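# Results of the structural survey
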Amino acid sequence: MDRVSAFDEPLKKLLGGATAKVMAEHLDLHTVGDLLHHYPRRYEERGRLTALADLPLDEHVTVVAQVADARVLMFNNGRGKRLEVTLTDGHGRLQLVFFGHGVHKPHKELLPGRRAMFAGKVSVFNRKMQLAHPTYQLLDAESIDGAEATEAVDAFAGRLLPIYPACKQLDSWRIAKAVDTVLPSAREVVDPLPPALREGRGFAPLPEALLKVHRPQTKADIAEARDRLKWDEAFVLQVALARRRYADTQLPAVARRPTPGGLLDAFDAELPFTLTEGQLKVSREIFDDLATEHPMHRLLQGEVGSGKTMVALRAMLGVVDAGGQAAMLAPTEVLAQQHHRSITEMMGELAEGGMLGGSEQGTKVVLLTGSMGVAARRQALLDLVTGEAGIVIGTHALIEDKVRFHDLGLVVVDEQHRFGVEQRDALRSKGKQPPHLLVMTATPIPRTVAMTVFGDLETSVLDQLPAGRSPIASHVVPAKDKPHFLSRAWERVREEVENGHQAYVVCPRIGDDAEDEAAGKKTKKKAPEDDGDKRPPLAVLEIAEQLTKGPLAGLRIEVLHGRMNPDDKDDVMRRFAAGDVDVLVATTVIEVGVNVPNATAMVIMDADRFGVSQLHQLRGRVGRGSAPGLCLLVSEAHEASPARARLSAVAATLDGFELSRIDLEQRREGDVLGQAQSGVRSSLRMLTVIDDEEVIAAAREEAVAIVAADPELGRLPELRTALDALLDKEREQYLDKG
């Protein structure tokens, strides 16, 4: 069997329909290759019992333990039976419960001293950890008849016992049995690594690595297999990215060099401050890229307030100077309007090209959003197609078919993580030749993620804050344990307002009818046992009302959320920016780009419902002027909970890169490389982006060298095949769009 057919064989053929169906629906495993890449999560050693004290609540676990005692209890006047089994690992204890007819078999089999593997969901009853109705597999030979005994002991109580990521419908040991069925196919696998590279790095051949990861004899087997499989994942992904970058260098683009004494020089001459060293360095990198005849693909990372917009604006002015047009894409209307306002303010008369009182060197800066009136929209479209407007700022409305440019030279995308790759691609196709591309993000991205998720973009980092930015003090407010802390938080907000400043209060939910209706629909589908869920997140409309009647009575309070009419939103933001509103109670619509230097305090309600990076983004809205900022993270989470640990981490540092690392460690990379980015499942099974920086960096280096020597991989057909298999068409397209 050749590699493709061995790996692409449907599981249904080998495992039977029922098992294959469960694997497809619950574990997203469809082919032999999928199952061979479904690696054990960990390994248990024979004779070593699992640490029962460390089991995570509400998770499906597999444990190996010994029965300490078992007893049947009667309840309901003798009509009901319950079997309680206590397991031990020599240190901790765990209770199992079986009810009704499910009592008989385990009562006969789970005798004191017996050892078994148990799988189930960990819950708490009467303050004790328990598994209700777990499935189990006995591990001692005496407990199984004849020939089966040897097989079961070898398979499950062998030296190292693989524990697979499982689900309620399929236990780890059933997955192990399925792996045994398909494991012979691993011998058919063709190795994708060029022999020189494999031998040079001392890697095991791929068939051997797959056998060793699933059925290791020793711990050294596991380490050897992991090294090889990690490398493959990093390497194949980096080859795909290197090929994308290579293909991009082959695309034609118009070189855009600013005209001396033109628009950019006129703008720089008017600047009331000097640019930071970081801004100058990043600007040089961008202008060098713009001067080449293939499209720039650059990611600009910068902390909130590090002056990314200024760097992007100078790049746009340089392109306008060179006779092209620049488009800036924002994720929301509020943000597009805000960018338009701040850019026209920064440019002054230079933004009034062709108008009375405008500068001769100036250009027109237009706004294009979905909610604009017909006449304004028609004028904006006309300005774009004639070239009258050098700069356009807008939402995804810019991507519509009707929008035509005179000569699109540069696309700036703000807040990449909120913008679909298809949309970015559609905008790129608006140029006569591919335009240059600058992607900005205020979410600091660890280097390894930048090398994988954004691996086809060159990266620039702005890590200096401009002079005049004030420090932000952050504190966790434990509302449940210490209610007086929350009262004090509102007093602090009042003090800030009395000192002439303004404040934000952020809530996770809006709390309007449309939202409640949607939540109602969701709740109807809930299983009855979910009713004990914690209360719904706090809502903007409720909190605003409570504050108006209670602790902040007498202050000018307004609300802002995504379901408001765009004009109303804009009106509220304008009045807040003008100082006519004291406290803005909002959802995360204020997360990106909202710039009100007079706002000094922020209270984030139910802060534990937000991610680390999101909290950091929100906090960046205060302390933007000369007065210090204050951010209060209100939470009812228990002091020892992971949620509180997250909040303490945010309160402890203002370093976004450090926080992004913590965030990534907690979420792992499912979110980073999976659905959120590409719309397809992450192809990473063994590699962890946060821990394997050296592997990724080395794989990138090898990949670049291989692609430079042989872009089509004509001399490496096995690698080509592996690329097709690992990066299915959807993922290829995702990389294609960057």
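To start, this report covers the structure provided alongside it. (Residues numbered from 1 in each chain as written. Predicted model: local features only at pLDDT ≥ 70, side-chain atom pairs only at ≥ 80, totals over all residues. Heavy atoms only, no water.)

## Considerations on the sheet that holds strand β9 (residues 297–302)
As summarised here, the arrangement of the seven strands in space is β11-β12-β10-β13-β14-β9-β15, forming an open sheet in which the pairing is parallel. With one partner strand each, in any of the chains shown, β11 (364–368) and β15 (458–462) form the two edges of the open sheet. Direction aside, neighbouring strands of the sheet carry axes that sit 20° apart on average. The sheet contact formed by strand β13 (residues 408–414) and strand β14 (residues 436–441) spans five bridges and is parallel. Bridge pairing in β14 places Val411 opposite Leu437. Against the sheet, helix α14 (residues 333–347) contacts β10 (325–329), β11, β12 (389–394) and β13, and its axis sits at roughly 170° relative to β11. (Pairing = 2+ DSSP bridges. Helix = DSSP H or I, 4+ residues; strand = E, 2+ residues; numbered from the N terminus. Axes fitted to C-alpha atoms, helices over the stretch in contact; angles between N-to-C directions. Contact = heavy atoms within 4.5 Å.)

## Things to note about unusual backbone geometry
With a phi angle near 45°, His133 is a residue other than glycine that sits in the positive phi range. Positionally, His133 belongs in the loop between β6 (128–132) and β7 (135–138). Of note, Leu713 is a non-glycine position whose phi angle comes to about 55°, a positive value. Inspection of the secondary structure assignment puts Leu713 in the loop between α27 (693–709) and α28 (717–726).

## Side note on the packing of helix α22 (residues 612–619) against helix α23 (residues 642–652)
The contact between α22 and α23 brings their axes to 10 Å, and the two run at 40°. Pair α22 / α23 crosses with right-handed handedness. Residue-level contacts link Val612, Leu615 and Arg619 of α22 to Arg646, Leu647, Val650 and Ala651 of α23. Of the residues contributing to the contact of α22 with α23, the split by class is five nonpolar, no polar and two charged. (Left-handed = near helix turned anticlockwise from the far one by under 90°. Nonpolar A, V, L, I, M, F, W, Y, C, P; charged D, E, K, R; others polar.)

## Section: the pattern of salt bridges
Side chains that carry opposite charge are capable of pairing whenever their charged atoms lie near each other. Summed over the entire model, instances satisfying the criterion amount to 33 salt bridges. Put simply, Asp407 and Arg256 hold a salt bridge, and the shortest N to O gap is 3.0 Å. Taken together, the residues span a long stretch of sequence, with Asp407 in the loop between β12 and β13 and Arg256 in the loop between α10 (219–250) and α11 (263–270) at a distance of 151 residues. Note on Arg256: relative accessible area 3%, which makes it buried. In this structure, Glu558 engages Arg575 in a salt bridge whose closest nitrogen and oxygen atoms are separated by 3.1 Å. Residue Glu558 is found in strand β18 (residues 557–560), and its partner Arg575 is found in helix α21 (residues 566–577); the two are separated by 17 residues along the sequence. For Glu558, a relative accessible area of 25% puts it in the partly exposed group. For Arg575, a relative accessible area of 26% gives the class partly exposed. (Salt bridge = Lys/Arg side-chain N within 4 Å of Asp/Glu carboxyl O. Buried < 20%, exposed > 50% of the residue type's maximum accessible area, 1.4 Å probe, protein only.)

## Re the packing of aromatic side chains
Taken as a whole, this structure holds six aromatic pairs when the rule is applied. Ring centres 6.4 Å apart and planes at 90° place the aromatic pair Phe75 and Phe99 in the edge-to-face group. Taken together, the residues Phe75 in strand β2 (residues 60–75) and Phe99 in strand β4 (residues 93–99) connect sequence positions 24 residues apart. Judged by relative accessible area, which is 36%, Phe99 ranks as partly exposed. (Phe/Tyr/Trp six-rings, centres within 6.5 Å; stacked < 30°, edge-to-face > 60°.)

## Let's talk about the sheet that holds strand β16 (residues 472–478)
Spatially, six strands are ordered β16-β21-β20-β17-β19-β18 in an open sheet, and the strand pairing comes out parallel. Strands at the two margins of the open sheet, each flanked by one partner only, are β16 and β18. Neighbour-to-neighbour, the strand axes of the sheet open up by a mean angle of 20°, direction not taken into account. Inspection of the sheet shows strand β20 (residues 599–604) paired to strand β21 (residues 629–635) by four bridges, in the parallel sense. For Ala601, the partnering residue across the bridge sits in β21 and is Leu630. α23 rests against β16 and β21 of the sheet, and its axis sits at about 160° to β16.

## A word on the nonpolar core
Core analysis: the largest hydrophobic core is formed by 39 residues, its most contacted members being Met316, Met347, Ile391 and Leu410. Ignoring any residue separated from it by four or fewer positions in sequence, one finds Met347 in contact with Phe267, Leu313, Leu317, Thr363, Val365 and Ile391. Judged by nonpolar contacts, the second largest core, of 31 residues, contains Tyr43, Val182, Leu210 and Leu229. (Core = buried A, V, L, I, M, F, W, Y, C linked by side-chain atoms within 4.5 Å.)

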